[in-house]
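One-letter residues, chain by chain:
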Amino acid sequence: MIMNTTLENNIALWRERIGNASAKWGGAEICAVTKTVDVDTINRARTAGIQTIGENRVQELMSKIDRLDPGYQIHLIGQLQTNKVKTIIGRVAMVQSLDRDALAQELSRRAVQAGTVVPALVQVNIAREPQKAGIAEEELVDFLRRAGDLPGIRIEGLMAIMPLASDPETVRPYFRRMRGWFDRLRDQDLPGVHMNVLSMGMSGDCIVAAEEGATMVRLGRALFGARPTGTDTNQGG
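Report on the accompanying structure. Note that the coordinates shown come from a computational prediction; the quantities given were computed from them, not determined experimentally.

Calculation criteria
- Residues numbered from 1 in each chain as written.
- Predicted model: local features only at pLDDT ≥ 70, side-chain atom pairs only at ≥ 80, totals over all residues.
- Heavy atoms only, no water.
- Salt bridge = Lys/Arg side-chain N within 4 Å of Asp/Glu carboxyl O.
- Helix = DSSP H or I, 4+ residues; strand = E, 2+ residues; numbered from the N terminus.
- Buried < 20%, exposed > 50% of the residue type's maximum accessible area, 1.4 Å probe, protein only.
- Disulfide = S-S within 2.5 Å.
- Phe/Tyr/Trp six-rings, centres within 6.5 Å; stacked < 30°, edge-to-face > 60°.
- Lys NZ or Arg CZ within 6 Å of the ring centre and 35° of its normal.
- Axes fitted to C-alpha atoms, helices over the stretch in contact; angles between N-to-C directions.
- Left-handed = near helix turned anticlockwise from the far one by under 90°.
- Contact = heavy atoms within 4.5 Å.
- Nonpolar A, V, L, I, M, F, W, Y, C, P; charged D, E, K, R; others polar.
- Core = buried A, V, L, I, M, F, W, Y, C linked by side-chain atoms within 4.5 Å.
- Expected span 1.5 Å × (residues − 1).

**A few points about the pattern of salt bridges**
Evaluation of the coordinates by the stated rule reveals 19 salt bridges. Close ionic contact of R91 with D66 constitutes a salt bridge, the shortest N to O distance being 2.8 Å. Taken as a pair, R91 in the loop between helix 4 (85-88) and strand 4 (94-98) and D66 in the loop between helix 3 (58-64) and strand 3 (73-76) lie far apart in primary sequence, 25 residues in all. The class for R91 is partly exposed, based on a relative accessible area of 33%. Overall, D66 belongs to the exposed group, its relative accessible area being 67%. Of the charged contacts in the structure, one is a salt bridge between R145 and D142, with a shortest N-O distance of 3.7 Å. In this pair, R145 and D142 both sit in helix 6 (residues 137-148), 3 residues apart, roughly one turn of the helix. Judged by its relative accessible area of 44%, R145 is partly exposed. Through salt bridges with shared partners, a single ionic network connects E169, R172, R176, E211 and E212.

Dropping the structure here:
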């Protein structure tokens, strides 16, 4: 378990770094990626200033959720199977990984049944990586129109995962393209679509992401230390 002072220092350090890097855009929020992190440590992060956490897997999230600080905004950041949608309705503040029509339709159906609205970010496969989920750029506007027309869903912005790179400068153009889409879509004012959140950047490339206009970065390793060997942190960390 990470020592409390180390956690507090990490959070303070990265809040300052992200704040400086994103200052010209008005700042960026940290979403702490809590996959494999124990509940006590997660709750200490709340007292150190973290307000939003992201979990990758529904099963792990549900094993923790009733013991998490009630002040947290909890986001699901991992790929969501349609058969798990009913589990998270009313339990999370946002789904960051809306990536296909079937998921949009199931989110809509379950939200309407529950009498609620699910805020969601549309995941964009900006680098066209075949192993990653997400909407292709040329399909984005049409997908947003379809999803924005569904009851029970409120599109709040975009999310992207960049290619792994030893030098984050190599992925700067992708971050810049994502900010371009964010700005253009906000200007289009599509029905049911709001561009309030641009979630991009992880521990290895978050500074570049913040410099290029992210409104939220997803940090796991930077805050909590290295994950166990073999742990998948593809959606954020």
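The discussion continues.
**Quick look at the state of the cysteines**
In total, this model carries 0 disulfides according to the counting rule given. Not engaged in a disulfide, the cysteine C31 finds its nearest cysteine sulfur in C206; these two sulfurs lie 13 Å apart. Since its relative accessible area comes to 1%, C206 is described here as buried.

**What to know about the packing of aromatic side chains**
Per the stated rule, a full pass over the model turns up 0 aromatic pairs. Lying across the ring of Y72, R46 places its NZ or CZ 6.0 Å from the centre. Positioned above the aromatic ring of W181 is the side chain of R184, whose terminal nitrogen or guanidinium carbon lies 4.6 Å from the ring centre.

**Regarding the packing of helix 6 against helix 7 (residues 172-188)**
The geometry of helix 6 relative to helix 7 is characterised by a closest axis approach of 12 Å and an angle of 35° between their N-to-C directions. The two elements helix 6 and helix 7 meet at a crossing, and its hand is right-handed. Along its contact with helix 6, which presents E137, L140, V141, L144 and R145, the element helix 7 presents R177, W181, L185 and Q188. For the contact of helix 6 with helix 7, the residue count by class is 5 nonpolar, 1 polar and 3 charged.

**A closer look at unusual backbone geometry**
The phi dihedral of R128 is positive, around 55°, even though this residue is not glycine. Mapped onto the elements of the fold, R128 is located in the loop between strand 5 (118-124) and helix 6. Look at D189: it is not a glycine, yet its phi comes out positive at around 55°. Within the element layout of this structure, D189 appears in the loop between helix 7 and strand 7 (193-200).

**Overview of the nonpolar core**
Counting 69 residues, the largest nonpolar core has L98, L107 and L158 as the members making the most contacts within it. The residues contacting L107, other than those within four sequence positions of it, are L80, V85, I88, I89, V95, L98, V118 and I153. With 8 residues, the next largest nonpolar core counts C31, M94, L121 and I161 among its residues.

**A closer look at helix 5 (residues 101-114)**
In this model helix 5 runs 20 Å from its N-terminal to its C-terminal C-alpha over 14 residues, within 8% of the 20 Å that 1.5 Å per residue would give. Looking only at helix 5, the buried set comprises L103, A104, E106, L107, S108 and A111. The elements touched by buried residues of helix 5 are helix 4, strand 4, strand 5, helix 6 and strand 6 (153-160). The first or second residue beyond helix 5 is G115, which carries a positive phi of 70°.

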